[in-house]
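Breakdown of the fold
What follows is the residue order along each chain.
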Amino acid sequence: MELKYTRKNVYKEADGNELERIYEFAEGYKKFLDNSKTERDASLQAKLLAEQNGFKPFSFSEKLKAGDKRYFLNRDKNIFLISVGTEDVAKDGVRIMVAHVDSPRLDLKPNPMFEDCGLCYLKTHYYGGIKKYQWTALPLALHGVVMLRGGERREICVGEDENDPIFYITDLLPHLGGEQAQKTLGKAIDAESLNAVIGGLPAVDDEEEKECVKTAVLKLLNKKYGITEVDFQCSELCFVPAGKARDVGFDGALISAYGHDDKVCAYPEMKAIFDYNSPHTVLAVFADKEEVGSDGTTGMQSKVISDVIETIASSFGANPIEVRYNSKCISADVTAGYDPAYSSVYEKRNTTFISCGAAISKYTGARGKSSSNDASAEYMGFIRDILDDNGVFWQTGELGAVDAGGGGTVAKYIANLGIDTVDVGVPVLSMHAPYELISKADVYSLYKACLAFIK
Ligand code: MN
Ligand code: MN
């Protein structure tokens, strides 16, 4: 019996085989990330991988039976993976794992296009919590869909292939940035100046000779996608950092990428439902809109998850209330790993550390745990036992020191349905930056935690 608790570094404890598994798992994760920049991209990836793993489309009117594997792609932006087990769903409930697949980014405004001094731009409205100064002077890619008049849909993805052009938001040169440097970080870059350069070649045959670069870009867009300027009003397009996930460090122990929050949790929960044929009925959810409050048809405040659980319950003639009451949930989301460069905002005894395993947050919230799901001692005990029994490295921590700030996850929306829920995720450094940092040991630990949860 160990009398004192000490946090363990996964890399220190792992033998050669485990280290190999950790690095191998990371390769699959990076590939998934590179194809999952937006919630649409990630949900589509999950659908393709689900089909490869024998999952079939779900219908609210079908009667499910043990062994069925289903996916419900909700409006292309949110997906539910369902694996029906042999256990009695009324008594055993559903094992639910939820992660979100939307990440902070720059959405286009409805009327985004303008020309100024020979350059054509797209205006943006940022989505989620960003530090605006981080989004200038870096390569951007454009992702999303545009609806043409009459219902035809055009998918756009420019900037990811190395032969593609990228897009660019300017910043002030330091030589003229004296006044800017006096401003606070939050005020230095104005949200209305986050306009991305998308062209600079004038159309020679433009009679008006006004906005001739804009005319030329519209001609290109029309030729390639059939779109006209008004079609932007019926689109969902966004700029995200261009490029792929990369190993970090001489030893490659870490990964830097856009959108670890929260694909670093979505991938392990998806892999777990694919890799293990659980006796429990398992539901893995990729949620949308977490970064802006989880509202709408594809966010976790929507009734859709209840509807899916009700459909499962009614398939077996079970009372959906009883099924919900006996269900258990892991809200898989990232937390702030301890960063020695910014030690003052953390409380070292109660924070999570990079490479020390799956990160459990009993509660989140701010200003005295406000607006938090605070997991019960009993449920924490249940989670501790299954993780320990399955050799999973885990740690607990808070998101920063008390009153240093705070944040929330989707945990409370699941818990509000009467389902025991706790946050189990991965510690991240530089969270919400264009390129975030995680440890391969932690994403693998979360995968093992998800397997333990559905075992
Ligand atoms: Mn998150
Ligand atoms: Mn976030």
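Residues numbered from 1 in each chain as written. Chains lettered and ligands numbered in written order. Predicted model: local features only at pLDDT ≥ 70, side-chain atom pairs only at ≥ 80, totals over all residues. Heavy atoms only, no water.

1. Examining the pairing of strand S10 (residues 235–241)
Summarising burial for S10: 5 of the 7 residues are buried, a large majority. The sheet contact formed by strand S5 (residues 105–116) and S10 spans 2 bridges and is antiparallel. By the bridge assignment for S10, Leu106 is matched with Phe239. For strand S7 (residues 140–147) and S10, the ladder comprises 7 bridges, and the chain directions are antiparallel. (Buried < 20%, exposed > 50% of the residue type's maximum accessible area, 1.4 Å probe, protein only. Helix = DSSP H or I, 4+ residues; strand = E, 2+ residues; numbered from the N terminus. Pairing = 2+ DSSP bridges.)

2. What to know about the packing of aromatic side chains
Going through the model one piece at a time under the given rule, you end up with 19 aromatic pairs. Arranged with centres 5.8 Å apart and planes meeting at 40 degrees, the rings of Tyr29 and Tyr267 form a pair that is tilted. One end of the pair, Tyr29, is in helix H2 (residues 16–34); the other, Tyr267, is in helix H8 (residues 260–275), with 238 residues separating them in the sequence. Note on accessibility: Tyr29 and Tyr267 belong to one class, buried. Considering the side-chain rings of Phe60 and Phe72, the 5.0 Å spacing of their centres and the 70 degrees angle between planes classify their relative orientation as edge-to-face. Of the two residues, Phe60 is situated in the loop between strand S1 (56–57) and strand S2 (69–74) and Phe72 in strand S2; the sequence distance between them amounts to 12 residues. Classification of Phe72 as buried rests on a relative accessible area of 15%. Three or more aromatic residues link up through ring pairs in this structure, and these residues are Phe25, Tyr29, Phe32, Tyr267, Phe286, Tyr444 and Tyr447. (Phe/Tyr/Trp six-rings, centres within 6.5 Å; stacked < 30°, edge-to-face > 60°.)

3. Focus: the sheet that holds strand S9 (residues 195–199)
Ordered by their spatial adjacency, 6 strands build an open sheet running S8-S7-S10-S5-S6-S9, and the pairing between neighbours is antiparallel. The strands lining the two open edges of the sheet, one partner per strand, are strand S8 (153–158) and S9. Neighbouring strand axes in the sheet, compared pairwise and without regard to direction, differ in orientation by 30 degrees on average. Set on the sheet, helix H7 (residues 212–225) makes contact with S5, strand S6 (119–127), S8 and S9; between it and S5 the angle comes to about 130 degrees. (Axes fitted to C-alpha atoms, helices over the stretch in contact; angles between N-to-C directions. Contact = heavy atoms within 4.5 Å.)

4. Comments concerning the coordination of the manganese ion (ligand 2)
The manganese ion (ligand 2) binds to the protein through Asp261 (OD), Glu291 (OE), Glu291 (OE) and His432 (NE2), with metal-donor distances spanning 2.0 to 2.6 Å. Counting gaps between the donor residues of the manganese ion (ligand 2) yields the pattern D-x29-E-x140-H. Separating the manganese ion (ligand 2) from the manganese ion (ligand 1) is a gap of 3.3 Å, which Asp261 spans by donating to each of them. Placement of the pair is Asp261 in helix H8 and Glu291 in the loop between strand S13 (281–287) and helix H9 (304–315), with a sequence separation of 30 residues. For the pair Asp261 and Glu291, a shared accessibility class is recorded, and that class is buried. (Donors = N, O, S within 2.8 Å, 3.2 Å for Na, K, Ca; no water.)

5. So, H7
Helix length check: H7 (14 residues) gives 20 Å between terminal C-alpha atoms against 20 Å at 1.5 Å per residue, within 8%. The complete set of buried residues in H7 reads Cys212, Val213, Lys214, Ala216, Val217, Leu218, Leu221 and Tyr225. Positioned one or two residues after H7, Gly226 has a phi angle of 75 degrees, which is positive. (Expected span 1.5 Å × (residues − 1).)

6. Structural notes on the coordination of the manganese ion (ligand 1)
Protein ligation of the manganese ion (ligand 1) involves His100 (NE2), Asp261 (OD), Asp333 (OD) and Asp333 (OD), the donor distances falling in the range 2.1 to 2.6 Å. Counting the intervening residues between successive donors of the manganese ion (ligand 1) yields the motif H-x160-D-x71-D.

7. So, the environment of Ser306
Looking at the element boundaries, Ser306 is found in helix H9. For the pair formed by Ser306 and Arg324, sequence separation is 18 residues and the distance between their alpha carbons is 8.4 Å.

8. Some thoughts on the pattern of salt bridges
Within the structure shown, the criterion is met by 29 salt bridges. Across the pair Glu39 and Arg105 runs a salt bridge whose closest N-O atoms are separated by 2.7 Å. Of this pair, Glu39 sits in helix H3 (residues 39–52) while Arg105 sits in strand S5; the two residues are 66 residues apart in sequence, bridging distant segments of the chain. With respect to class, Glu39 is no different from Arg105; both count as buried. Its salt-bridge partner being Arg384, residue Asp385 comes within 3.7 Å of it at the nearest N-O pair. Of the residues examined, Asp385 reaches a relative accessible area of 42% and is grouped as partly exposed. (Salt bridge = Lys/Arg side-chain N within 4 Å of Asp/Glu carboxyl O.)

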